[in-house]
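Descriptive analysis of the structure
These are the residues of each chain, in order.
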Amino acid sequence: MEIHLPKHFFMGAAMSGPQTEGAYKIGGKLENIWDTWSDCSISDFYNKVGSYVGNNFYERYEEDIRLMKDLGLDSFRTSIQWSRLMDPDQKLNKEGAGFYHKVCSCAREQGIELFMNLYHFDMPSYLFRRGGWENREVVEAYVTYARTAFREFGKEICYWFTFNEPIVEPDQRYRDGIWYPFVRDAKRGMAVQYHLSLAHSLAVREFKRAKEEGYLPEDARIGLINCFAPPYTREDPSPKDLEALRMEDGIRNRWWLDLVAEGRLPEDIVKRLEADGIMPEIRPGDKEILAEGKVDWLGFNYYHPSRVQAPEKRTDENGDPKYSDPYVWPKARMNIYRGWEIYPKGVYDFGMKMREEYPDLKFFISENGMGVEHEERFRGENGEIQDDYRIEFVKEHLEWIMKAIEDGAQCMGYHYWALIDNWSWNNAFKNRYGMIEVDLAENYQRRFKKSAGWIREVINNREK
């Protein structure tokens, strides 16, 4: 099947500041939580490659943006690092701001539209030591940072996002204890999730104020990006399986969708969490803050679906409520390197959910990609990595996206993660996602993989 991209369907790349920039002590950058973890326990990172490296975007941003242009991309999303833009007194770090101004200028010169995200799991450590997202004072510090960014870059950046995947830190750091500081406490996790919701809403309010005051153009947009993994259960579900599905969808998807589309949290989920004793206090004035959270559009990160079934036990080993257990679908096709199911139809199902339940909210695929370990095994005689598996992965997802658009989904575009191999949290460079290789042994040299030529051809064949 040939992929025919609609005329106004944008195609771009997704990246993040902490995973690409490197230069972790240059230009007045502060220590962030990944630097702290790297300093505390470097052995927790694959091959002991900590947060310091990125892929050297700080020095190679001009080259990287030219590579995007060469492939025909029209946009890319990255993030400002809070720890690079602001100083310890919550004032603008002019040297850090200067770097982002240079990135903006380069993107503009190459005709690449810049999408800017404000937060990608990289809180400054001095704020984390004050309680991080568990502390409402840190929420206010984030609002100050957002206000500063909107005013500093409002004339250069049109498209903004408050958070990338705000469900991840509550899970990884506080519920499942996978990321530093390895907490396993459902109540603390929900406090973080709730405060992130407030932070998002307050940042949207700051965006609107900046727009009213002329710092941003009239066509500027604000959004939120999340990994809305479509949830599924057994093909012959019991009532308890369906309840597990409702809670999975409610906490991880509807929580954010209701917030950005309707300016509120899902009442059924809030009531259940309150009954279970893990819902944070909703203070006077909070509902008015949440009402500010409605956005112009939405980013949908999609790698894999979520499959759940009724939990065997009502609580986990810590005594916290347990709403579901994983369900292994017998027909699942897996990316064995990442342990994730490959299910391209999930983007279609999400598009239909948006069409039916949130019809006024436009969205785009803000991340989609395939990480593979030891890609050097697939290097051809010409030195190029023959990543046909990545071409197949993207092709299948684009086909389902096109079908979703045909059936009424308001999907505006697609950003591949990550166009250029980058550092990926404590997995470091274990799994490579890029269509462009980064050679760590050759001073971060960039080389096209086979998929890069393929995506160029797809873009060149877009409807004129």
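Let me sum up the structure you'll find in this document. Note that the structure is a prediction, hence the values are computed from the model and not measured. (Residues numbered from 1 in each chain as written. Predicted model: local features only at pLDDT ≥ 70, side-chain atom pairs only at ≥ 80, totals over all residues. Heavy atoms only, no water.)

Description of the overall build of the protein
A tally of helices and strands in the protein yields 15 helices and 17 strands. Rg of the C-alpha trace for the protein: 21 Å, near the compact-globule value of 23 Å for 464 residues, within the 12% margin. Here the C-alpha coordinates of the protein stretch approximately 60 × 55 × 45 Å along the principal axes. Taken across its 464 residues, the protein has 59% of its residues classed as buried. The long-range share in the protein, meaning contacts at least 24 apart out of those at least 6 apart in sequence, stands at 77%. Of the roughly 19000 Å² of accessible surface on the protein, a fraction of 46% belongs to carbon and sulfur atoms. (Helix = DSSP H or I, 4+ residues; strand = E, 2+ residues; numbered from the N terminus. Rg over C-alpha atoms; globule rule 2.2 N^0.38 Å. Buried < 20%, exposed > 50% of the residue type's maximum accessible area, 1.4 Å probe, protein only. Contact = heavy atoms within 4.5 Å. Areas by Shrake-Rupley, 256 points an atom, 1.4 Å probe, with all protein chains shown as cover.)

Some remarks on unusual backbone geometry
Look at the link from Tyr-180 to Pro-181: it is a cis peptide, with omega at 15 degrees. Its place among the elements puts Pro-181 in the loop between helix H8 (168–175) and helix H9 (186–212). The residue after Trp-417, namely Ala-418, is reached through a cis peptide bond having omega -20 degrees. Its place among the elements puts Ala-418 in the loop between strand E14 (411–417) and strand E15 (431–432). Non-glycine residue Phe-121 carries a positive phi angle of around 70 degrees.

Notes on the sheet that holds strand E6 (residues 231–232)
Ordered in space as E6-E8-E9, the 3 strands form an open sheet in which the pairing is mixed. Each end of this open sheet is capped by a strand with a single partner; those strands are E6 and strand E9 (325–326). Summarising the sheet, E6 and strand E8 (residues 306–309) pair through 2 bridges and their orientation is parallel. The residue bridging Pro-231 from the neighbouring strand is Ser-306, located in E8. This element, helix H10 (residues 239–262), spans E6 and E8 of the sheet and lies at about 140 degrees to E8. (Pairing = 2+ DSSP bridges. Axes fitted to C-alpha atoms, helices over the stretch in contact; angles between N-to-C directions.)

Description of the pairing of E8
On E8, burial covers both faces: Ser-306 and Val-308 on one face and Arg-307 and Gln-309 on the other are all buried. Pairing of E8 with E9, which is carried by 2 bridges, proceeds in the antiparallel orientation. Bridge pairing in E9 places Val-308 opposite Pro-326.

Overview of the packing of aromatic side chains
Throughout the structure, instances matching the rule amount to 56 aromatic pairs. Seen in terms of ring centroids, Trp-37 and Tyr-180 are 6.5 Å apart; in terms of plane orientation they differ by 25 degrees. Their pairing is stacked. Note that Trp-37 is positioned in helix H2 (residues 33–40) and Tyr-180 in the loop between H8 and H9, a separation of 143 residues in sequence. Consider the rings of Phe-115 and Trp-297, whose centres lie 5.6 Å apart with planes at 45 degrees: the pair is tilted. In this pair, Phe-115 sits in strand E3 (residues 113–117) while Trp-297 sits in strand E7 (residues 297–301), placing the two residues 182 residues apart along the sequence. Both residues of the pair, Phe-115 and Trp-297, belong to the buried class. One aromatic cluster is present, built from ring pairs that chain together Trp-34, Trp-37, Phe-45, Phe-121, Phe-128, Trp-179, Tyr-180, Phe-182, Trp-423 and Trp-425. Lying over the aromatic face of Tyr-232, Arg-307 brings its terminal NZ or CZ to 4.8 Å of the ring centre. (Phe/Tyr/Trp six-rings, centres within 6.5 Å; stacked < 30°, edge-to-face > 60°. Lys NZ or Arg CZ within 6 Å of the ring centre and 35° of its normal.)

A look at the environment of Gly-54
Within the secondary structure layout, Gly-54 lies in the loop between H2 and helix H3 (57–70). With 30 residues separating them along the chain, Gly-54 and Tyr-24 place their C-alpha atoms 8.9 Å apart. Those residues in contact with Gly-54, other than ones at most four positions away along the chain, are Gln-19, Thr-20, Glu-21, Gly-22, Trp-423, Phe-429 and Tyr-444.

Overview of the pattern of salt bridges
Counting across every chain of the model gives 45 salt bridges. A salt bridge links Asp-70 to Arg-456; the shortest N-O distance between them is 2.9 Å. With a gap of 386 residues between them, Asp-70 in helix H3 and Arg-456 in helix H15 (residues 450–460) connect regions that are remote in the sequence. Given the relative accessible area of 42%, Asp-70 is considered partly exposed. Of the residues examined, Arg-456 reaches a relative accessible area of 24% and is grouped as partly exposed. Of the charged contacts in the structure, one is a salt bridge between Arg-147 and Glu-206, with a shortest N-O distance of 3.1 Å. Taken together, the residues span a long stretch of sequence, with Arg-147 in helix H7 (residues 136–153) and Glu-206 in helix H9 at a distance of 59 residues. Judged by its relative accessible area of 31%, Arg-147 falls in the partly exposed class. Residue classification places Glu-206 among the buried residues on the basis of a relative accessible area of 4%. Among the charged side chains, a network of salt bridges with common partners joins Glu-243, Arg-246, Asp-249, Arg-254, Asp-268, Arg-272, Asp-276, Lys-353 and Glu-357. (Salt bridge = Lys/Arg side-chain N within 4 Å of Asp/Glu carboxyl O.)

Points about the nonpolar core
With 150 residues, the main nonpolar core has Phe-76, Trp-82, Trp-133, Tyr-142, Trp-160 and Leu-298 as its most contacted residues. The element contributing the most residues to this core is H9, with 12 residues. With near-sequence residues (within four places) excluded, Trp-82 lies in contact with Tyr-119, Asp-122, Met-123, Pro-124, Leu-127, Trp-133, Val-138, Ala-141, Tyr-142 and Tyr-145. Formed by 5 residues, the second largest nonpolar core is a distinct cluster that contains Ala-14, Tyr-303, Trp-417 and Tyr-433. (Core = buried A, V, L, I, M, F, W, Y, C linked by side-chain atoms within 4.5 Å.)

Some remarks on empty space enclosed by the protein
Under the defined criterion, the tally for this structure stands at 4 cavities of 30 Å³ or more. Of the voids in this model, the largest cavity is the one considered here, and its volume is about 60 Å³. Together, Gly-17, Pro-18, Gly-22, Tyr-24, Lys-29, Asn-32, Trp-34, Asp-35, Ser-51 and Gln-81 line the largest cavity. Mapped onto the lining of the largest cavity, the elements with two or more residues apiece are helix H1 (17–20) and H2. A class-by-class count of the residues in the lining of the largest cavity yields 3 nonpolar, 5 polar and 2 charged. (1 Å grid on protein atoms, 1.4 Å probe; cavity = no way out; pocket = protein on both sides within 12 Å on 5 of 7 lines; lining within 4 Å. Points joined across faces, edges and corners; volume = space filled by probe spheres on them. Nonpolar A, V, L, I, M, F, W, Y, C, P; charged D, E, K, R; others polar.)

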